[in-house]
Amino acid sequence: MISIIIPVKNGASIISSCLKGAFSQQGLDTEVEVIVVDDGSTDDTASVAKACGARVISQPNAGPASARNTGAKNARGEILAFTDADCVPSEHWLKDLTEPFTNPDIVGAKGTYRTNQTSLVARFVQQEYESKYAHMAHQKYIDFIDTYSAAYRRDVFLQNDGFDAAFPVPSVEDQEFSFRLARKGYFMVFAPQAVVYHKHDINLDEYIRRKYGIGYWKAFMLRWVPEKALSD
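Each value, and the rule that gives it
Residues numbered from 1 in each chain as written. Predicted model: local features only at pLDDT ≥ 70, side-chain atom pairs only at ≥ 80, totals over all residues. Heavy atoms only, no water. Core = buried A, V, L, I, M, F, W, Y, C linked by side-chain atoms within 4.5 Å. Buried < 20%, exposed > 50% of the residue type's maximum accessible area, 1.4 Å probe, protein only. Helix = DSSP H or I, 4+ residues; strand = E, 2+ residues; numbered from the N terminus. Pairing = 2+ DSSP bridges. Right-handed = clockwise from strand over helix to strand, strands pointing away. Salt bridge = Lys/Arg side-chain N within 4 Å of Asp/Glu carboxyl O. Axes fitted to C-alpha atoms, helices over the stretch in contact; angles between N-to-C directions. Contact = heavy atoms within 4.5 Å. Disulfide = S-S within 2.5 Å.

## Structural notes on the nonpolar core
Then, number 1: Within the largest apolar cluster, 61 residues are counted, with the highest numbers of intra-cluster contacts made by Ile6, Val36 and Tyr152.
Then, number 2: Top contributing element to this core by residue count: strand β8 (residues 187–198), with 6 residues.

In C-alpha cells:
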C-alpha cells in the first residue's frame, strides 16, 4: 500500500482540486490511501476533504512539519507520498514517484513542479525550478527533496523522526529532513516525471515575501547543517 499525505490549514477552497488529482492516479498495481491532516483549520477544510473521500485526521495547529508527521504515524502504507494542498498531481504522478523504490537501496524520491500559468512572475518562478531540476538530472543520488512531490519508505521516515516540528510554518523543513538522511548515508533519487501542477507567485510582492521567508528559515537550518551553506 502507498499512503498519500496532504497537510492543510484553511484550504477549503483548494483541497478538492488536489484530492481530485490524488484520487485519479493511473498505472498502479497496489492499494492507495489518501490522508488529509487538517492542521487547525477554522474553515470547512475537513468536511470538504471528507466529502471528496479522503481519510481526515485533525490536530491543533502546529505547522505542516508536524501535520505530515501525524499523517505518517497513522498511515498504513509502506511508502509515504507527500504533496501540498495547493498542488494537483498529474495522473501518473504516484506511479513515477514510487517506481524508484523497486530498488531496495532507495529510501526517498523527489518529483517536480509544473504550472499552467502564463504571467511573467510565475514563468520566472518555474524557470528557477527548472534550473534546479537540470542540475539534479545529472546526479545519481540527491540530498534535496521538497514535499510538494516527495516519497519516503515509512520505516526509514519513522526511524529518523520525520520532519522537525521546530519549523512552525511552510519553509525548509523538508530540505532539512533530506539533508539529515543524506548525511547518514541514505540514498535518494530524482524522479522528474513525477509531476504536480502548482500556482506559483503571481506578482513581485508575493515572490519577495516567499523568498524572505525561505531565506530566514534556511539561516535557521544551516546551524545544523553548515556544510550546505555553499552547495545549497
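## Quick word on the pairing of strand β2 (residues 32–39)
Then, number 1: Counting buried positions over the 8 residues of β2 gives 7, a clear majority of the element.
Then, number 2: Where strand β1 (residues 2–8) lies against β2, 7 bridges are found, and the strand directions are parallel. Paired with isoleucine 4 across the bridge in β2 is valine 34.
Then, number 3: This β-α-β element, β1 to helix α1 (residues 15–22) to β2, shows right-handed connectivity.
Then, number 4: The pairing of β2 with strand β3 (residues 55–59) spans 5 bridges and is classified as parallel. Paired with valine 36 across the strands is valine 56, a residue of β3.
Then, number 5: This β-α-β element, β2 to helix α2 (residues 45–51) to β3, shows right-handed connectivity.

## A closer look at the pattern of salt bridges
Then, number 1: Under the criterion given, the structure shown has 9 salt bridges.
Then, number 2: Two residues, glutamate 173 and arginine 68, come together in a salt bridge whose shortest N-O distance is 2.8 Å. One end of the pair, glutamate 173, is in helix α7 (residues 173–183); the other, arginine 68, is in helix α3 (residues 64–74), and 105 residues separate them in sequence. The same class applies to glutamate 173 and to arginine 68, which are both buried.
Then, number 3: In this structure, the salt-bridge partner of arginine 209 is aspartate 205, at a minimum N-O distance of 3.0 Å.

## Focus on the sheet that holds strand β4 (residues 79–82)
Then, number 1: In space, the 8 strands of this open sheet follow the order β3-β2-β1-β4-β7-β6-β8-β5, with mixed pairing throughout. Lying at the two open borders of the sheet, with one neighbouring strand each, are β3 and β5 (87–89). Across the sheet, the axes of successive neighbouring strands diverge by a mean angle of 30°, strand direction being ignored.
Then, number 2: This element, α1, spans β1, β2 and β5 of the sheet and lies at about 15° to β5.

## Brief notes about the pairing of β4
Then, number 1: Every second residue of β4 is oriented toward a common face, with Ile79 and Ala81 on one face and Leu80 and Phe82 on the other, all of them buried.
Then, number 2: Relative to β4, β1 is paired through 4 bridges, and the arrangement is parallel. Looking across to β4, one finds that isoleucine 5 is bridged to phenylalanine 82.
Then, number 3: Two strands pair when backbone bridges link them, and β4 and strand β7 (residues 150–153) are joined in this way by 4 bridges, in the antiparallel orientation. Within β7, the residue paired with alanine 81 across the bridge is alanine 151.

## Topic: the state of the cysteines
Then, number 1: Counted under the stated rule, the structure contains 0 disulfides.
Then, number 2: Here cysteine 18 is not disulfide-linked; the sulfur of cysteine 87 is the nearest cysteine sulfur, at 6.7 Å.
Then, number 3: For cysteine 52, which is in no disulfide, the shortest distance to another cysteine sulfur is to cysteine 18 and amounts to 9.6 Å.
Then, number 4: The exposure class of cysteine 52 is partly exposed, given its relative accessible area of 30%.

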